[in-house]
Amino acid sequence: MIHAYRAELLSVPAIGRVLHHADGLLVVEDGHVVAFGDRADLGAQFADVPVTAFPGKTIVPGFVDAHVHYPQTDRIAAHGEQLLEWLERHIFPEEAKFADRAHADAVAGVFLDELLRNGTTSALVFATVHATSVDALFEAALARDMRIVSGKVLMDGGPATLRDDVASGRAETEALIARWRGRGRLGYAVTPRFALTSSDAQLADAGAILAAHPDVLMHTHLAENAGECAAVAARFPDATDYLDVYDRFGLVGPRSVFAHCIHMSDRAMTRMAEAGSGIAHCPTSNLFLGSGLFDLAAADRFGVKTGLGSDVGAGTTFSLLATMGEAYKVAQMRGVSLDPFRALHLATAGGARVLGLDDRIGALQPGQEADFVVLDPAATPLLARRTAGQPLADRLFALQILGDDRAVSATYVAGRCVHTR
Ligand code: GUN
Ligand code: ZN
């Protein structure tokens, strides 16, 4: 089946490379992009193709959330703590509920629908320590045909209510990889929670599992909070820095994604770049937990690929539009002005690259999968006033500062409309 969409088109496939068609045509066949360009150029070639027009709207690639926790959906906006106390008080009790498959099924559905309402079509997702929490998420993602990468959390040093062991962690991880490999648009990530919740033996085992499966990612947290960093330094006195802890266990490579990376030495950034590892920048979470201000300019200087994460439940919104706005403010605090097109890259092709999926998603280029969002620059009275008659960069920036799920007029997954408002 072939279908065309007429609207303003915008895509940022690489930093500094902006593709824009004020009156564009996006042609989709069997879930893939066939053409992305000016309607004036493509109209004749696709004259017989049925067209849906979105006057006054802008089509961009579906957003890629490079770090989010689905089991924390119901604990967003939990008051009063920084990371380690917040985990103990608010998060671990919530995650314990995911031993119940019915609970996991219910939250997985709510979570994925919330992503789609916000224009997020792909995500790298933390589940819980329970293997069934991954089954619940993957089943719900398969039903929606979404590109979701997730994995069972490894945490043999977690609280007693939420703990695996080296053998069960490995067996369940291997079983999940075998059960879900090649199904729909799903992917697996070996997911040690962070250095503080796994034994040395389990971290080493995670490295071995990663090495045994060239098609899986590694997903964890790194250098988020001052208290966490101090505890890591105390437990691993021989390690050069926090990244080195993961490196010693074979967890730093081109398929590794590290959330946060706020408190980083130059050595660690150099090593990340050399290894080809990626960063998920999570500004709303970092402000909410008081973790610190990520240095995007340093990541760029060292050449470390970077995407954007909501990090719900520490993050305060599922909207990557709003997250782009917070990334702008964090950059301001570091004296750097984040370009709105660069912000869009972080939330689309940049995230896709971090997830190793930039050949398939993130830029709406011919051959890629047709995951896209129809944005409404006049979604609210204020947005309408602020964007009317403005140049593209101003409209895009206004959407990032003022926009959220209200600005997502429709979401398409593999060429199928899955959300409208
Ligand atoms: N570090 C270890 N676990 C977590 C978590 O659940 N959320 C965040 N933000 N950081 C973590
Ligand atoms: Zn997180």
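Residues numbered from 1 in each chain as written. Chains lettered and ligands numbered in written order. Predicted model: local features only at pLDDT ≥ 70, side-chain atom pairs only at ≥ 80, totals over all residues. Heavy atoms only, no water.

> I tried to follow the overall build of the protein on my own but got confused; where do I start?
Along its length, the protein carries 15 helices and 16 strands. Relative to the compact-globule value of 22 Å for 421 residues, the protein shows a C-alpha radius of gyration of 21 Å, a close match. Projected onto its principal axes, the C-alpha positions of the protein cover 65 × 45 × 40 Å. Expressed as a percentage of the 421 residues in the protein, the buried residues total 60%. Computed over 37 positive and 50 negative side-chain charges, the inter-centroid distance for the protein is 3 Å. (Helix = DSSP H or I, 4+ residues; strand = E, 2+ residues; numbered from the N terminus. Rg over C-alpha atoms; globule rule 2.2 N^0.38 Å. Buried < 20%, exposed > 50% of the residue type's maximum accessible area, 1.4 Å probe, protein only. Lys, Arg positive; Asp, Glu negative; His and termini not counted. Charge placed at Lys NZ, Arg CZ, Asp CG, Glu CD.)

> Please clarify how the coordination of the zinc ion (ligand 2) should be interpreted in this entry.
Tetrahedral coordination by four donors places them ideally at 109.5 degrees to one another around the metal; octahedral coordination by six donors ideally gives 90 or 180 degrees. On the protein side, the zinc ion (ligand 2) has H67 (NE2), H69 (NE2), H221 (NE2) and D311 (OD) as donor atoms, found 2.0 to 2.3 Å from it. For the zinc ion (ligand 2), the four donor atoms are set out with angles of 88 to 170° between them, so the coordination reads as irregular. Between consecutive donor residues of the zinc ion (ligand 2), the sequence gaps follow H-x1-H-x151-H-x89-D. Taken together, the residues H69 in strand β5 (residues 63-69) and D311 in the loop between β13 (305-308) and α12 (320-333) connect sequence positions 242 residues apart. (Donors = N, O, S within 2.8 Å, 3.2 Å for Na, K, Ca; no water. Tetrahedral: all angles 85-135°; square planar, octahedral: opposite > 155°, others 65-115°.)

> Looking at this structure, how should I read helix α5 (residues 166-180)?
Working note: α-helix, 3.6 residues per turn, so residues spaced by three or four point in the same direction. Over its 15 residues, α5 extends 21 Å from the first C-alpha to the last, a length consistent with the 21 Å expected when each residue adds 1.5 Å. Tucked inside the fold, the buried residues of α5 contact α4 (131-144), β8 (153-154), β9 (187-192) and α6 (200-212). The backbone nitrogen of A167 lies 3.1 Å from a side-chain oxygen of the residue at the head of α5, namely D165. A positive backbone phi angle near 75° is found at G182, which sits one or two residues after α5. (Expected span 1.5 Å × (residues − 1). Contact = heavy atoms within 4.5 Å. Polar contact = N/O pair within 3.5 Å; in protein donor to acceptor, adjacent residues only side chain to side chain.)

> When you look at the nonpolar core in this model, what are you seeing that I'm missing?
Soluble globular proteins: nonpolar side chains tend toward being buried together. With 106 residues, the main nonpolar core has F63, Y70, I148 and L222 as its most contacted residues. Counting only domains with at least three residues in this core, you end up with domain 1 (2-62 + 363-420) and domain 2 (64-354). With residues up to four places along the chain from it excluded, the contact list for Y70 reads F98, A104, V107, A108, F111, V125, F126, A127, S133, A136 and L137. Membership of the second largest hydrophobic core comes to 16 residues, among which are F36, I59, A370 and Y412. (Core = buried A, V, L, I, M, F, W, Y, C linked by side-chain atoms within 4.5 Å. Domains from an automatic or database assignment.)

> Would you mind going over the site of ligand 1 with me for this structure?
Ligand 1 sits among H69, Q72, L83, W86, L87, R193, F194, H221, E224, H260, D311 and A314. One of the side-chain nitrogen or oxygen atoms of Q72 is found 2.9 Å away from an oxygen atom of ligand 1. The separation between a nitrogen atom of ligand 1 and a polar side-chain atom of H221 is 3.5 Å. Compared with its free state, where it exposes 280 Å², ligand 1 has 100% of that area covered by protein. If you tally residues by element for the shell around ligand 1, the top one is helix α2 (residues 83-96), at three residues. (Near = heavy atom within 4 Å. Areas by Shrake-Rupley, 256 points an atom, 1.4 Å probe, with all protein chains shown as cover.)

> How should the pairing of strand β14 (residues 372-375) be read in this particular structure?
On any regular strand, side chains alternate: one points to one face of the sheet, the next to the other face. A two-sided burial pattern is seen for β14, the buried positions comprising F372 and V374 on one face and V373 and L375 on the other. Inspection of the sheet shows strand β4 (residues 51-61) paired to β14 by four bridges, in the antiparallel sense. Bridged to V60 within β14 is V373. When β14 meets strand β15 (residues 408-413), the two strands line up antiparallel, connected through four bridges. In the sheet register, F372 faces β15, and the bridge partner there is Y412. (Pairing = 2+ DSSP bridges.)

> Looking at this structure, how should I read the domain arrangement of the protein?
Note: interface size is frequently given as the accessible area lost on complex formation between the parts. Under the domain assignment, the protein is made up of domain 1 (2-62 + 363-420) and domain 2 (64-354). The gap between the C-alpha centroids of domain 1 and domain 2 is 29 Å. On the side of domain 2, 28 residues touch domain 1, which itself brings 32 residues to the contact. If you look at where domain 1 meets domain 2, you find four salt bridges. In this structure, the salt-bridge partner of R185 is E369, at a minimum N-O distance of 2.5 Å. Scanning the region where domain 1 abuts domain 2 turns up seven residue pairs in polar contact (both at pLDDT 80 or more). Elements with a minimum of two residues in the side of domain 1 that touches domain 2: β1 (2-14), β4, β14, α15 (392-402), β15 and β16 (416-420). (Salt bridge = Lys/Arg side-chain N within 4 Å of Asp/Glu carboxyl O.)

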